[in-house]
Structures are given as structure tokens and as C-alpha cells.
Amino acid sequence: MAVFINDTCINCGACIDECPVEAIVDEDDNPTGEELYYVYPDKCVECVDHHDEPACATACPTEGCITWDTKFDDAGQDFFNGANYVDGKDFVMEDSDARPAQRDDVSDEDRSGRANIVD
Ligand code: SF4
Ligand code: SF4
């Protein structure tokens, strides 16, 4: 959903203050329990109306760490509201009715394949 931080994250903190909507949390607040930074899919607006491309990915020093992810839609909401989250954790989004802005010029292939945002 939105953009995704993968396990190559080195917890450097370069991305978090770049986010215009405070969608990123650090490893201490990651709801998955993983020791990485995390993007809330219901908060991230893919920097639409803020920047030409996702500012977090531009700032990140780790190549391929922040990628595209699938759109946040009804299926995504069902997924995140259920007990179907990472490692079976129950997880309830802070705003379960959220439908954040998303970029239409990103292909489904790039989203599902978690393609790099920055080459
Ligand atoms: S793409 Fe933009 S809105 Fe989304 S997490 Fe990155 S900086 Fe925040
Ligand atoms: S800038 Fe990249 S490596 Fe640094 S904390 Fe953010 S996602 Fe992790």
C-alpha cells in the first residue's frame, strides 16, 4: 500500500522528517514489531500535491529500500483491519475509513512488484 520500507532499512532517520503528512514512524513505533521504519498505508499520500516524487525515497540513502506498493483500496482496508497482518498480528489502522491520495501514473506492475521509486 502506498510506499513500502523493506528490510534493507538501516534506521538512519533521513526519511521521517521529509514526510509532509507524518506517515512514517521509526522502529520503536513500527506496528509490525520489526526493527525498521514503517509507512502507514492509510496516511501516506505518495507526496501527491507536495512533491514531484515521494520525498522519503529521495532522501533515503539505501538503494531500493523504499519501493512502490499496491494501492490502498477496499481489499487493503480489509487486510489491515483483519487478523491477516504481518505474522498474524491483529492490527487496526488509526483511521479505518481513510482513502489517501495515490499516484495514477504508477503501473500496477510496478506496485505489485514493489519496484524502486528512485533509480
Ligand atoms: S511517499 Fe510522501 S507521504 Fe508517503 S511516506 Fe513517503 S514522504 Fe510520506
Ligand atoms: S531513510 Fe531509508 S534507511 Fe533511513 S530510516 Fe528511512 S527508510 Fe530506513
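Residue positions are given per chain, counting from 1 as you read along its sequence in written order. Chain letters start at A and ligand numbers start at 1, both assigned in the order the entries are written. Selection of residues for local features in this predicted model requires a pLDDT of at least 70, selection of side-chain atom pairs for listing and counting requires 80 or more, and totals for whole chains, interfaces and linings are taken over all residues.

**Some thoughts on the overall build of the chain**
And step 1. Helix numbers and strand numbers start at the N terminus; a helix is a DSSP run of H or I with at least 4 residues, a strand a run of E with at least 2. A count of helices and strands for the chain gives three helices and four strands.
And step 2. Secondary structure of the chain in N-to-C order comes out as β-β-β-α-β-α-α.
And step 3. Put simply, a residue is buried when 20 or more other C-beta atoms lie within 10 Å of its own C-beta and exposed when 12 or fewer do; between those, it is partly exposed, and each C-beta is set from the backbone. Scored against the burial criterion, the 119 residues of the chain give a buried share of 25%.
And step 4. For the chain, long-range pairs separated by at least 24 residues make up 73% of all intrachain contacts whose partners lie at least 6 apart in sequence. By the convention adopted here, residues are in contact when the distance between their C-beta atoms, placed from the backbone, does not exceed 7 Å.

**Some points on the site of ligand 1**
And step 1. By definition, a residue lies near a molecule or strand when the C-beta atom built from its backbone is within 6 Å of it. In the region of ligand 1, 16 residues are neighbours, and Cys19, Cys44, Cys47, Pro54 and Cys56 sit closest.
And step 2. Residues belonging to the shell around ligand 1 are distributed by class as follows: 14 nonpolar, no polar and two charged. Residue polarity is assigned by list, with Asp, Glu, Lys and Arg as charged and Ala, Val, Leu, Ile, Met, Phe, Trp, Tyr, Cys and Pro as nonpolar; anything else, Gly included, falls into the polar class.

**Quick look at the nonpolar core**
Across soluble globular proteins, nonpolar side chains have a tendency to be buried as a group.
And step 1. A set of buried residues qualifies as a nonpolar core if it consists of Ala, Val, Leu, Ile, Met, Phe, Trp, Tyr and Cys joined through C-beta atoms within 7 Å. Grouped together as the largest cluster of nonpolar side chains are 21 residues, with contacts concentrated most on Val3, Cys15, Ile24, Val39, Cys56 and Ile66.
And step 2. The set of elements that each furnish at least two residues to this core consists of strand 1 (3–5), helix 1 (55–59) and strand 4 (66–68).
And step 3. What Cys56 contacts, discounting residues up to four positions off in sequence, is Val3, Cys15, Glu18, Cys19, Ile24 and Ile66.

**Regarding the site of ligand 2**
And step 1. Around ligand 2 there are 14 residues in total, and Cys9, Cys12, Ala14, Cys15 and Cys60 lie nearest to it.
And step 2. A per-class count over the shell around ligand 2 returns eleven nonpolar, three polar and no charged.

**Concerning the confidence of the model for the chain**
And step 1. The pLDDT averaged across the chain works out to 86; a share of 85% of its residues lies at or above 70.
And step 2. By mean pLDDT, helix 2 (residues 74–81) is the weakest element of the chain at 72, and helix 1 is the strongest at 98. A residue's pLDDT is simply how confident the predictor is in it, with values from 0 to 100.

**Some points on the environment of Cys65**
And step 1. Within the secondary structure, Cys65 sits in the loop between helix 1 and strand 4.
And step 2. As a C-alpha pair, Cys65 and Ile117 span 52 residues in sequence and 9.1 Å in three-dimensional space.
And step 3. Contacts of Cys65, omitting those with residues within four sequence positions, involve Ile5, Asn6, Thr8, Cys9 and Cys60.

**Details of the environment of Val3**
And step 1. Within the fold, Val3 resides in strand 1.
And step 2. Each C-alpha atom of the pair Val3 and Lys71 lies 9.0 Å from the other, and the pair is 68 residues apart in sequence.
And step 3. Setting aside anything within four residues of it in sequence, one finds Val3 in contact with Val39, Cys44, Glu46, Pro54, Cys56, Ala57, Ile66, Thr67, Trp68, Asp69 and Ile117.

**Things to note about unusual backbone geometry**
And step 1. For Glu22, which is not glycine, the phi torsion reads 55° and is therefore positive.
And step 2. Structurally, Glu22 is set in the loop between strand 1 and strand 2 (24–25).
And step 3. For Glu22, a count of 11 C-beta atoms within 10 Å gives the class exposed.
And step 4. Phi at Arg114 takes a positive value of approximately 45°, unusual for a residue other than glycine.

**Let's talk about the environment of Cys56**
And step 1. Within the element layout of this structure, Cys56 appears in helix 1.
And step 2. Take Cys56: there are 28 C-beta atoms within 10 Å of it, and that puts it in the buried class.
And step 3. For the pair formed by Cys56 and Cys19, sequence separation is 37 residues and the distance between their alpha carbons is 6.2 Å.

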